[in-house]
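Architecture and fold: a report
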Amino acid sequence: MNANELLIELRKFVLIKSGLRNIDPGHCKIISEYVFQETKNYVSETTVKRFFGFANTLHKFSLFTLNSLSQYIGYTDWDSFCKDRENHTSSAQSIWQDLRMKTHAITDISLIAKKNNSGIPFNSTANRSFFYPDFDYFLKNNYQFTTISAQHGHGKSILLAHMVEHFFYSEFAPYKNDIVLLINSTSINTIIQNGLTLKDWFAKEFKFGSLSELISYFKKQPDKREGRFIIIIDGIDEYLSKPDYFKTFTDLLYSIEENSFVKIVLGLRTNSWINLQPVISSSAFLTKAWYTSVFYDSDLLSNVPLLNKEEVLSTLSLIEGKTIGQADINPDLLDQFKTPFWLQVYYKLKYENNFLELINPLLRYELINYFLEKRVFLAKKSTEKIFLLKKISESITEGAKSLRVAKEKILSYINCYPDAYEELIYSGIIIEEKRLTTSIPTEVVRFLNNDIYTYFIFIQLTEKFDYKPSREFFAHILSSYPQQKAHLRDHILNWAIRFCINRNEIAELKNIFKLPFSNQEKNNAFDFICYVSRYELSKPSAKFNRQNIGKDFIDIMAMGRTMSKLYKETIKYVSDNVLNEDIQAMLHIIECNIALIDVDKVGLTSTMHLLKRNYKRLNELFPINPYDLLLFFYNNLINKPNEGRSLDDKIVKLCHQIDRSPSLKNEEFTTEELLCYRLVLITLFAQKNYAECHRFIMAILNKYPNIFFIRYSVFSPFLLIHLGQTYLKLNYFKKAQRIMQFLEKIIDREYIYYTNFILAGFSVFKANFYNATQHYDQAILNAEQGIAITSKHDFKMFEISLMLIKIDTLKHTDSSEQVSTIIKDLLNFLNQHKISMPEYSNLNGGEFENTFKVLKSFKR
């Protein structure tokens, strides 16, 4: 028996002695303690891990280790164990069985190493069974070798491990009689450290001078062969980049004779395959002997496809311990995870920080940052690597299939730092490819992932502005990345948002809304601000923290009220964590606004209770105490009459104060005013005090003459919609129509910043207008369009309003059957959400009041 076989035997007996059938890294500490108790010799946990293949073995095991483990299982020392096992070896064992036993020892260790090197638990990885028929075809037909080639991180090594188990090792493996020799980088490293060539090692281990000698032997004596001999070599890319080792492996291929039983499988990265392919092409025999695979892509030089959607979701389900569907993951992230490498990065990040959910778009950026931090910024030669990556990103242009640069254009930089460049290639951050479609084949360089390219573009942008985000910084993004590159601009904007919040420079984010980015970009940016702010607030040492959340953050939250689930959760999360009481009060007012739209009595009650504690401070902060206004709606929700004129008097007094104020610029309009004016206007409208509502809007216009020209806040379209509704109630139909047409125009051309909440409010206005002007078909159409928006985005109050408008409209058309249907829909909606129908949800005229009272009083 050779050394490897004896080590296999020793491992087997150590497991038996320890009472273990299988072993994982956690058992190694236990075995270390058992050995010490039995022998009083200390064999460290790390040494035990190396012994069982859970860590790389960079040198031979010491005699002390082998003696200690031999003593643990009952022998006096390693030598006596070896002699005993030799005596148990059958002299009658065939050459084929001898080969099987020797290769089994090497393959076992290699397979364990592959499983342990998997970035996620091996049992969670996709086994890619669609590939098996293709590999089976190679085994059964007259080919001498094949390649499993892929870019870094595409899962070729894991695929090979699954195939070894499926075809040769599992309980129901179809080819158990075949011999499989799996050689990986650890095995090669051991050979090199022992000063051997591949030929020397092959002769030492298998008693044949070379592979061709083994083939010749079994050709002459076919009766001694019991199956096929499969050699799988993987993880050798680092060696193939060195001329001496490259020749060793090409000689191995040349040594193959035409035969039907020896098969070689090479697992290679595509940049290694680029160098090996000309060797094969120059040999007629090798060209004929090479099986390319049905999945081979001649452009990419790869035959390992990206993971499909089902494989990604299956792997994530195993990682998360629950079923993950397509709706549970951000679409961009799902696409990124099709490269298996990113699943490994996610698994490591999740282990360190479990706060980010798969649906969160921020996770994509945190994965990129985490990966680059580990592989570049905290790695050796980080300065040189960062320099090279910046220069590559500067030089990249868009090719037919990817963003890339001709290698010759960056050769001067590569020559300055060749070692750093090679490490970037080996770690898979950048990839070399051959562009074969040109008249002269050209080497090109690209990033592993376009998001990494975007990251380094952004890094250079921050350097250009001395790491100080500003209006000019965002204007540069707007001008440098036009709409034709909208996808790239979205990513740059998201990196910029993350950068600003990381540094707690919140005020600069307002520039996104003030500059002419598209409305969709502004809404996406607003959502991303919510995601990042919540994440930063969850981190223990972030600059954006509960002590320093300030007015700038409130300004952004108020200017972009979207009423989305994300917005509601963000406001709630921040208000629960902020320490500044004034900021917290403003957040509570926004929460109360949300409760009014949600018709949420419980939420409104609890938040108003918190506000009431600071009633005096609210008088100091706001032009009118918002608590008094909210109390009106609270009474409305609980069907309690609002008595007295104190609130009306306060509103009239405020109106006079605003009207007498000198004219101010839009920049002087405060968030405190925005929150109060919005509440005052909806209060007056709910009171049906339309004349005072009109006076109040005119007073605001007197103080801020250009307020309708604000393009960065939803308050401007809100005010326009409210003015239009007021004109409608005052029977100024032509004025209302002009406002409606103006809003159509500016929304269509994205002149203003608007949200789904504004679109819903606009649908209510249009449906109301057409109902009031007796254009009933148009009113029903707008009501139905509005209901589609409100049901999708959960705007309960608006949905009730639109149903009531639809009932009123249908009554005018004598559609009694349809009226009954929509009434049933309304009552089902109220019952389903367990909410009442507040007075402020009815925007119809006086004739509808009796119908509304009947509907409101109806009990199931």
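No experiment lies behind these values; they were computed from the predicted model shown.

Cut-offs applied
- Residues numbered from 1 in each chain as written.
- Predicted model: local features only at pLDDT ≥ 70, side-chain atom pairs only at ≥ 80, totals over all residues.
- Heavy atoms only, no water.
- Helix = DSSP H or I, 4+ residues; strand = E, 2+ residues; numbered from the N terminus.
- Rg over C-alpha atoms; globule rule 2.2 N^0.38 Å.
- Buried < 20%, exposed > 50% of the residue type's maximum accessible area, 1.4 Å probe, protein only.
- Areas by Shrake-Rupley, 256 points an atom, 1.4 Å probe, with all protein chains shown as cover.
- Lys, Arg positive; Asp, Glu negative; His and termini not counted.
- Charge placed at Lys NZ, Arg CZ, Asp CG, Glu CD.
- Core = buried A, V, L, I, M, F, W, Y, C linked by side-chain atoms within 4.5 Å.
- Contact = heavy atoms within 4.5 Å.
- Polar contact = N/O pair within 3.5 Å; in protein donor to acceptor, adjacent residues only side chain to side chain.
- Pairing = 2+ DSSP bridges.
- Axes fitted to C-alpha atoms, helices over the stretch in contact; angles between N-to-C directions.
- Phe/Tyr/Trp six-rings, centres within 6.5 Å; stacked < 30°, edge-to-face > 60°.
- Lys NZ or Arg CZ within 6 Å of the ring centre and 35° of its normal.
- Left-handed = near helix turned anticlockwise from the far one by under 90°.
- Nonpolar A, V, L, I, M, F, W, Y, C, P; charged D, E, K, R; others polar.
- Salt bridge = Lys/Arg side-chain N within 4 Å of Asp/Glu carboxyl O.

Right, let's get into the overall build of the protein chain. Looking only at helices and strands, the protein chain features 43 helices and nine strands. Taking 860 residues into account, the globule formula puts the C-alpha radius of gyration at 29 Å, and the protein chain, at 36 Å, lies well above it. Looking at the protein chain as a whole, 55% of its 860 residues are labelled buried. Counting only carbon and sulfur atoms, one obtains 50% of the accessible surface of the protein chain, whose full area is about 38700 Å². Computed over 104 positive and 95 negative side-chain charges, the inter-centroid distance for the protein chain is 2 Å.

Moving on, we get to the nonpolar core. Grouped together as the largest cluster of nonpolar side chains are 205 residues, with contacts concentrated most on Phe337 and Phe696. Top element by residues in this core is helix α30 (residues 581–598). It accounts for 11 residues. Dropping the residues within four chain positions of it, Phe696 is found in contact with Ile651, Leu654, Cys655, Ile658, Tyr677, Val680, Leu681 and Leu684.

Inspection of the secondary structure assignment puts Arg269 in strand β4 (residues 262–269). The buried category is assigned to Arg269, whose relative accessible area is 11%. Of the polar contacts made by the side chain of Arg269, one reaches the side chain of His152; its length is 2.9 Å. For Arg269, the side chain forms a polar contact with the main-chain oxygen of Ile425, separated by 3.4 Å.

With that settled, the discussion passes to the sheet that holds strand β3 (residues 229–234). Strand order across the open sheet formed by five strands is β2-β3-β4-β1-β5, with parallel pairing between neighbours. Of all the strands in the sheet, the pair left with one neighbour each is β2 (179–183) and β5 (290–291). As paired strands, β2 and β3 are joined by five bridges and run parallel to one another. Residue pairing for β3: Val180 is matched across the bridge by Ile230. In this fold helix α11 (residues 211–220) packs onto β3 and β4, with an angle of close to 150° to the strand it touches most, β4.

Strand order in the open sheet formed by four strands is β6-β7-β9-β8, and the pairing between neighbours is antiparallel. Two strands lie at the open edges of the sheet, namely β6 (397–398) and β8 (430–435), each paired on one side alone. With two bridges joining them, strand β7 (residues 403–406) and strand β9 (residues 442–447) adopt antiparallel strand pairing. For Ala406, the partnering residue across the bridge sits in β9 and is Val444. Strand contacts of helix α20 (residues 382–395): β6, β7, β8 and β9, with the helix running at about 110° to β9, the strand carrying the most contacts. Those strands touched by helix α22 (residues 418–426) are β8 and β9, and its axis lies near 85° from that of β8.

This paragraph deals with unusual backbone geometry. Even without being glycine, Asn639 reaches a positive phi, approximately 60°. Within the secondary structure, Asn639 is located in the loop between α33 (626–637) and α34 (646–660). Of note in the backbone geometry, Asn731 takes a positive phi value of approximately 65° without being a glycine. For Asn731, a relative accessible area of 53% puts it in the exposed group.

Next up on the list: the packing of aromatic side chains. In this description, an aromatic ring pair is defined by two values, namely the gap between the centres and the angle between the planes. For the structure shown, the criterion picks out 60 aromatic pairs. Between Trp78 and Phe81, the ring centres sit 5.7 Å apart and the planes meet at 25°, which makes this aromatic pair stacked. With a gap of three residues between them, Trp78 and Phe81 both fall in helix α5 (residues 78–88), about one helical turn apart. What makes Trp78 buried here is its relative accessible area of 14%. Between Tyr615 and Tyr627, the ring centres sit 5.8 Å apart and the planes meet at 85°, which makes this aromatic pair edge-to-face. On the criterion of sequence distance, the pair formed by Tyr615 in helix α32 (residues 615–621) and Tyr627 in helix α33 is long-range, its members being 12 residues apart. Cluster of aromatic residues (ring-pair linked, three or more members): Tyr132, Phe135, Tyr137, Phe138, Tyr143, Phe167, Phe168, Tyr175 and Tyr291. It is Lys263 that lies over the ring of Phe138; its NZ or CZ is 5.1 Å from the centre. In this arrangement the basic side chain of Lys735 is found over the ring face of Tyr732, its NZ or CZ atom lying 5.3 Å from the centre.

It is at 9 Å that the axes of helix α36 (residues 690–703) and helix α37 (residues 715–729) come closest, and there the two elements cross at 145°. For the element pair α36 and α37, the recorded crossing hand is left-handed. Only Leu719, His722, Leu723, Thr726, Tyr727 and Lys729 of α37 make contact with α36, whose side of the interface consists of Tyr690, Cys693, His694, Ile697, Met698 and Ile700. Tallied by class, residues from the contact of α36 with α37 come to eight nonpolar, three polar and one charged.

A separate point is the pattern of salt bridges. Tallying each qualifying case throughout the model produces 43 salt bridges. Here Glu423 and Lys385 are joined by a salt bridge, their closest N and O atoms 2.9 Å apart. In this pair, Glu423 is assigned in helix α22 and Lys385 in helix α20, connecting sequence segments 38 residues apart. Looking at Glu423, the relative accessible area reads 29%, which means it is partly exposed. For Lys385, a relative accessible area of 5% puts it in the buried group. A salt bridge links Arg617 to Asp582; the nearest nitrogen and oxygen atoms lie 2.6 Å apart. Of the two residues, Arg617 sits in helix α32 while Asp582 sits in helix α30, which places them 35 residues apart along the sequence. The class of Arg617 is partly exposed, set by a relative accessible area of 33%. Counted as one network, the salt bridges with shared partners bring together Lys510, Lys551, Asp552, Asp555 and Glu672.

Two faces make up the sheet, and in a regular strand the side chains alternate between them. Within β9, five of the six residues are buried, which leaves it mostly tucked inside the rest of the structure. Two elements, β8 and β9, share six bridges in a ladder whose sense is antiparallel. Within the sheet, the bridge partner assigned to Arg435 lies in β9 and is Thr442.

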